[in-house]
Amino acid sequence: MSLDLMQFYRKKDYSEPEVENYEYYGWGMEIFFVFLMSVIVFQVMIPISLYISMELVRVGQAYFMIRDDRMFDKSSNSRFQCRALNINEDLGQIKYVFSDKTGTLTENKMEFQCASIGGIDYSNGKDSTDDGQADYLVQADGMVLRPKMKVKVDSELLNSSKRKHTDEGRHIHDFFVALAACNTIVPLTIDTSDPSVKLIEYQGESPDEQALVYAAAAYGFMLIERSSGHIVIEIQGERQRFNVLGLHEFDSDRKRMSVILGCPDKTVKVFVKGADTSMFGVIDKSSNVNIVKATKAHLHSYSSKGLRTLVIGTRELSTSEFEQWQSSYESASTALMGRAALLRKVANNVENHLNILGASGIVDKLQEGVPEAIESLRMAGIKVWVLTGDKQETAISIGYSSKLLTSKMTQIVINNNSKESCRKSLEDALLLCKKLTTVSHATRGGPMSEVSQLALIIDGTSLVYILDTELEEQLFELASKCAVVLCCRVAPLQKAGIVALIKNRTEDMTCHW
């Protein structure tokens, strides 16, 4: 009887003179109805108006971010774009920032800076005027053609390039022919206000290739025409046609590209350009000892200045070598299965025993405000990781200029060629971290000291032996103790693996640039 009178349990309705039982729907439905009643009763604790208020606050924050004059880009005349209302909350939770270098930290506007050709460094006689390219033009069908972009030239190299019958002149000739031909650039003519003058614009996927072709044009090796079967280069006032017999495009495994040309003198040559780590393995060092040694020294100097470097090589193919390559190339090009692997194998077979021509140095300037932005991120306790395909010296130089690295940081460099050496380097680095932690607590009584100033520098070769192995856990442990991580010579697939290294082991929010 007492249960019949208790609220939620009573079955009788006393609101009417005649007492009757409530409709009873069973335990399941009764529980459901009780739940709905509790939602209605307790909704005043988190009212709907609060949700609306929060959304209005987010809209206001987004408006202030969009209208912030300090986030206005004058070069593109564009403001900050807010595509999600919770962006302000997400930005406040970021612990890791992963950034590429080219086009992110830098402007992605490449400019040819210097060259080492035949063991001679042409980087000290840079003219301060643009006369070298402004005066160079080509007469074609009654029209005057000149490059759209101007490149500052080295007067010594410009004069040496005109001495065609010396060993130095032949080296320079082949070097600039390689720059003009070993690429996928397409030359386009653009009208100007003067109907008798047209500009040549070089369009391509890679800004590096564009910079090299513009540099070749500035020194008198102007690419005029390109088709699937031939290219035309204006060389010191003489128009020459080269037959393009084959092109092996750049890939992240070989780290180089090559073109096989039928030259006007009826010879067949292969021109190759690529990263120094891959090129010096296919250079014939026995006949180029002094040039190789000098070029390596110049490359180190260029990299220390933060320049992007490429090594250029060539060799002449005999009739039998060319026929063998042509047969293999045609078979690989028409293969239905595993075409990329077959073409890579053909390229590796022909890209060997090369004579080194030289190396190029290209500058890619930092974007405005990058050093200040990175310094602010580090002061906020956000860990910045930069992943780049450049050389270690180039990456370190850019790291200092962007304030990613400082002189107060303790640098841990892992640059190994075997799994066991990588294991030892990781173990030694972790021991160093523990020692610094001990010193930190003993001297300052807190964890915020030298440990927060650790910088890890690791190259792509070492990551080959670390990623997807049991060493990943040690790398994560080490990297999580470092304020800065700089990965150099990494392939695109390795960049994805490095990001996954963090995202799979922590719930911290990350930002990818």
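Just so it is clear, the model here is predicted, and its values are computed rather than measured. (Residues numbered from 1 in each chain as written. Predicted model: local features only at pLDDT ≥ 70, side-chain atom pairs only at ≥ 80, totals over all residues. Heavy atoms only, no water.)

Comments concerning the overall build of the protein
A count of helical and extended segments in the protein gives 18 helices and 21 strands. Burial statistics for the protein: of 513 residues in total, 43% are counted as buried. In the protein, of all internal contacts separated by at least 6 residues, the share reaching a separation of at least 24 is 67%. Working note: accessible area of the protein is about 27,800 Å², and carbon and sulfur atoms make up 54% of it. (Helix = DSSP H or I, 4+ residues; strand = E, 2+ residues; numbered from the N terminus. Buried < 20%, exposed > 50% of the residue type's maximum accessible area, 1.4 Å probe, protein only. Contact = heavy atoms within 4.5 Å. Areas by Shrake-Rupley, 256 points an atom, 1.4 Å probe, with all protein chains shown as cover.)

Quick notes on the sheet that holds strand 15 (residues 308–317)
Ordered in space as 5-4-16-15-14-13-12-11-10, the 9 strands form an open sheet in which the pairing is antiparallel. If you trace the sheet from one side to the other, it starts and ends with strand 5 (120–122) and strand 10 (221–226), each paired once. Here the average twist between neighbouring strands, direction ignored, is 30°. Alignment of strand 4 (residues 106–117) against strand 5, held across 3 bridges, turns out to be antiparallel. Within the sheet, the bridge partner assigned to A115 lies in strand 5 and is Y122. Relative to strand 12 (residues 238–248), helix 11 (residues 319–333) is tilted by about 55°, and along the sheet it contacts strand 12, strand 13 (256–262), strand 14 (268–274) and strand 15. (Pairing = 2+ DSSP bridges. Axes fitted to C-alpha atoms, helices over the stretch in contact; angles between N-to-C directions.)

Concerning a negative patch on the surface
Taken together, the side chains of D73, E107, E368 and E372 make up a negatively charged region of the molecular surface. Looking at the secondary structure, you find E368 in the loop between strand 16 (355–366) and helix 13 (370–379). (Patch = residues over 30% accessible without salt bridge, like charges linked within 9 Å, V, L, I, M, F, W, Y side chains within 5 Å. Salt bridge = Lys/Arg side-chain N within 4 Å of Asp/Glu carboxyl O. Lys, Arg positive; Asp, Glu negative; His and termini not counted. Charge placed at Lys NZ, Arg CZ, Asp CG, Glu CD.)

Re the packing of helix 7 (residues 167–181) against helix 8 (residues 207–218)
Across the interface, helix 7 lies against helix 8 with an axial gap of 8 Å and an inter-helix angle of 135°. Classified by the angle their axes make, helix 7 and helix 8 are oblique. Like other packed secondary-structure pairs, helix 7 and helix 8 cross with a definite hand, here left-handed. Here helix 7 contributes F176, L179 and A180 to the contact with helix 8, which in turn contributes L212, V213, A215 and A216. The residue inventory of the contact of helix 7 with helix 8, partitioned by class, reads 7 nonpolar, no polar and no charged. (Parallel < 35°, antiparallel > 145°, perpendicular 65-115°, else oblique. Left-handed = near helix turned anticlockwise from the far one by under 90°. Nonpolar A, V, L, I, M, F, W, Y, C, P; charged D, E, K, R; others polar.)

Some words on the confidence of the model for the protein
For the protein, mean pLDDT is 86; residues scoring 70 or higher make up 90% of the total. Predicted confidence in the protein is weakest over helix 5 (residues 131–134), with a mean pLDDT of 44, and strongest over strand 14, with 95. Note that residues 127–134 has pLDDT below 50 and, in this model, 16 contacts with residues that lie over four places away or in other chains. Predicted confidence for residues 447–451 stays below pLDDT 50, and this span has 11 contacts to residues more than four positions away or in other chains. (pLDDT = per-residue confidence, 0-100.)

A word on a nonpolar patch on the surface
Residues M29, F32, F33, F35, L36 and V39 make up a contiguous nonpolar surface patch of about 530 Å² in total accessible area. Tracing the sequence through the fold places M29 in helix 2 (residues 27–42). With relative accessibility at 38%, the residue M29 sits in the partly exposed group.

What about the environment of I120?
Examined against the element boundaries, I120 turns out to sit in strand 5. Overall, I120 belongs to the partly exposed group, its relative accessible area being 33%. Once residues lying within four places of it in the same chain are set aside, the contact partners of I120 are A115, E168 and H298.

Side note on the pattern of salt bridges
Once their charged atoms are close, side chains differing in charge can pair, the charge on each being opposite to the other. Under the counting rule described, the total for this entry stands at 29 salt bridges. The partner of R308 in a salt bridge is D208, with the nearest N and O atoms 2.9 Å apart. Within this pair, whereas R308 is found in strand 15, its partner D208 is found in helix 8, the two being separated by 100 residues in sequence. For the pair R308 and D208, one class covers both residues: buried. Measuring nitrogen to oxygen at the nearest pair gives 2.7 Å for the salt bridge that ties D251 to R254. Exposure class is identical for D251 and R254. Each is buried.

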